[in-house]
Amino acid sequence: MQVNIADSWKNILQNEFEKAYFKKLTDFVASEYKKNACFPNEEAIFAAFDLCSFEALKVVIIGQDPYHGEGQANGLCFSVKEGIKYPPSLQNIFKELTMDLKVPMPKTGNLENWAKQGVLLLNATLTVRAHAPGSHQNQGWETFTDAAIAKISEQKEHVVFLLWGKFAASKSKQIDLSKHTVFTAPHPSPLGAWRGWFGSQHFSKTNAVLNAQDTKEISWV
């Protein structure tokens, strides 16, 4: 696996790339992509970082691992490629978005527009084997992405973290709650959506925090 990551993040995460666990991880990922169909495409593995520079970052959304179906994953958590049917969690994200902001349903499930505005759409595990959810967990990705979250917490100010579900909420231990804002809610999957995801209003709450800081809000649609 080639580590092609935006320069702004390369400077922040260089120490991680040099650690033994990361070298072992790159060997594992390279072998998996050689032997099996894996997602996202290799050039999109670090898309979350490439589309949201460290300097521009103001919101972080944390997912677990990429979609494992053919043609879905594009390197951004919860996002799918253009023209792909919305997976159930993304459908529920958009339903809450339309209710919260009183806007029409988004026309695409590709969330690159969010990323380009400063939303880091970060999966804890950045790769997956086709049709095998969780297949690349516990190989080192979580160590790397935890380090990224910790670096954001340490080196940035007033970032809004949106933690959806118990797994994402567990990442709060990497975040300095005295200098950042954290909103939590049940996961937007069909299992959790009716337990508090709907009505969580994280999109309007995020923009309220950004406005209070005289920071440009996110255009969510």
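All of these numbers come straight from a predicted model, not from anything done at the bench.

### Describing the overall build of the protein chain
Of regular secondary structure, the protein chain possesses 8 helices and 6 strands. The helix and strand sequence of the protein chain, counted from the amino end, reads α-α-β-α-β-α-α-β-β-α-β-α-β-α. The C-alpha atoms of the protein chain give 17 Å as radius of gyration, which agrees with the globular expectation for 221 residues (17 Å, within 12%). For the protein chain, the spread of C-alpha atoms along the principal axes amounts to about 45 × 35 × 25 Å.

### A word on the pattern of salt bridges
If you walk through the whole model with that rule in mind, you get 6 salt bridges. The salt bridge involving K19 is made with E16; its shortest N-O contact spans 3.0 Å.

### Here's the deal with the packing of helix 1 (residues 7-17) against helix 6 (residues 141-155)
Where helix 1 meets helix 6, the closest approach of the two axes is 10 Å, and the angle between their N-to-C directions is 130 degrees. As summarised for this structure, helix 1 and helix 6 are arranged oblique, according to the angle between their axes. Crossing of helix 1 against helix 6: the hand is right-handed. In contact with W9, I12, L13, E16 and F17 of helix 1, helix 6 contributes F144, A147, A148, K151, I152 and Q155. Of the residues in the contact of helix 1 with helix 6, the class split is 8 nonpolar, 1 polar and 2 charged.

### Thoughts on the packing of aromatic side chains
Under the counting rule described, the total for this entry stands at 21 aromatic pairs. Seen in terms of ring centroids, W9 and F54 are 5.2 Å apart; in terms of plane orientation they differ by 85 degrees. Their pairing is edge-to-face. Of this pair, W9 sits in helix 1 while F54 sits in the loop between helix 3 (47-51) and strand 2 (59-63), placing them 45 residues apart in sequence. The exposure class of W9 is buried, given its relative accessible area of 0%. Positioned above the aromatic ring of F54, the side-chain terminus of K156 is 5.3 Å from the ring centre.

### Let's talk about the nonpolar core
F46, F49, I61, W114, L120, W141 and F144 are the most contacted members of the largest nonpolar core, which has 71 residues in total. In terms of residues, this core owes the most to one element, helix 2 (residues 20-35), which gives 6 residues. Among all residues touching F144, those that are not within four sequence positions of it are L13, E16, F17, Y21, F22, F46, F49 and L126.

### Some words on unusual backbone geometry
In this structure, the amide linkage connecting F39 to the following residue, P40, adopts the cis form with an omega of -5 degrees. Among the structural elements, P40 can be located in the loop between strand 1 (38-39) and helix 3. Its identity is not glycine, yet K102 carries a phi of approximately 55 degrees, on the positive side. On the secondary structure map, K102 appears in the loop between helix 4 (88-101) and helix 5 (112-116). A positive phi is found at H131, a non-glycine position, where the angle reads about 60 degrees. For H131, the location among the structural elements is in the loop between strand 4 (128-129) and helix 6.

### A look at the sheet that holds strand 3 (residues 119-123)
Picture the strands of a sheet paired through backbone hydrogen bonds; they go either parallel or antiparallel. Pairing is parallel in the open sheet, where 4 strands are placed in the order 3-2-5-6. The sheet terminates laterally at strand 3 and strand 6 (181-185), the two strands that pair on one side only. Neighbour-to-neighbour, the strand axes of this sheet turn through a mean angle of 20 degrees, independent of strand direction. Where helix 6 meets the sheet, it contacts strand 2, strand 3 and strand 5 (160-164), and its direction lies at approximately 155 degrees from that of strand 3.

### Comments concerning the environment of E16
As for its position among the elements, E16 is in helix 1. As for E16 and A147, which are separated by 131 residues in sequence, their C-alpha atoms are 7.7 Å apart. Only 3.0 Å separates the side chain of E16 from the side chain of K19, close enough to count as a polar contact.

### Things to note about the packing of helix 4 against helix 8 (residues 202-212)
For the pair helix 4 and helix 8, the least separation of the axes is 8 Å and the interaxial angle reads 60 degrees. With respect to helix 8, the element helix 4 is oriented oblique. Note on element contacts: helix 8 touches helix 4 through H202, F203 and S204, opposite I93, E96, L97, D100 and L101. Per-class residue counts for the contact of helix 4 with helix 8 are 4 nonpolar, 2 polar and 2 charged.

Definitions and cut-offs
Residues numbered from 1 in each chain as written. Predicted model: local features only at pLDDT ≥ 70, side-chain atom pairs only at ≥ 80, totals over all residues. Heavy atoms only, no water. Helix = DSSP H or I, 4+ residues; strand = E, 2+ residues; numbered from the N terminus. Rg over C-alpha atoms; globule rule 2.2 N^0.38 Å. Salt bridge = Lys/Arg side-chain N within 4 Å of Asp/Glu carboxyl O. Axes fitted to C-alpha atoms, helices over the stretch in contact; angles between N-to-C directions. Parallel < 35°, antiparallel > 145°, perpendicular 65-115°, else oblique. Left-handed = near helix turned anticlockwise from the far one by under 90°. Contact = heavy atoms within 4.5 Å. Nonpolar A, V, L, I, M, F, W, Y, C, P; charged D, E, K, R; others polar. Phe/Tyr/Trp six-rings, centres within 6.5 Å; stacked < 30°, edge-to-face > 60°. Buried < 20%, exposed > 50% of the residue type's maximum accessible area, 1.4 Å probe, protein only. Lys NZ or Arg CZ within 6 Å of the ring centre and 35° of its normal. Core = buried A, V, L, I, M, F, W, Y, C linked by side-chain atoms within 4.5 Å. Pairing = 2+ DSSP bridges. Polar contact = N/O pair within 3.5 Å; in protein donor to acceptor, adjacent residues only side chain to side chain.

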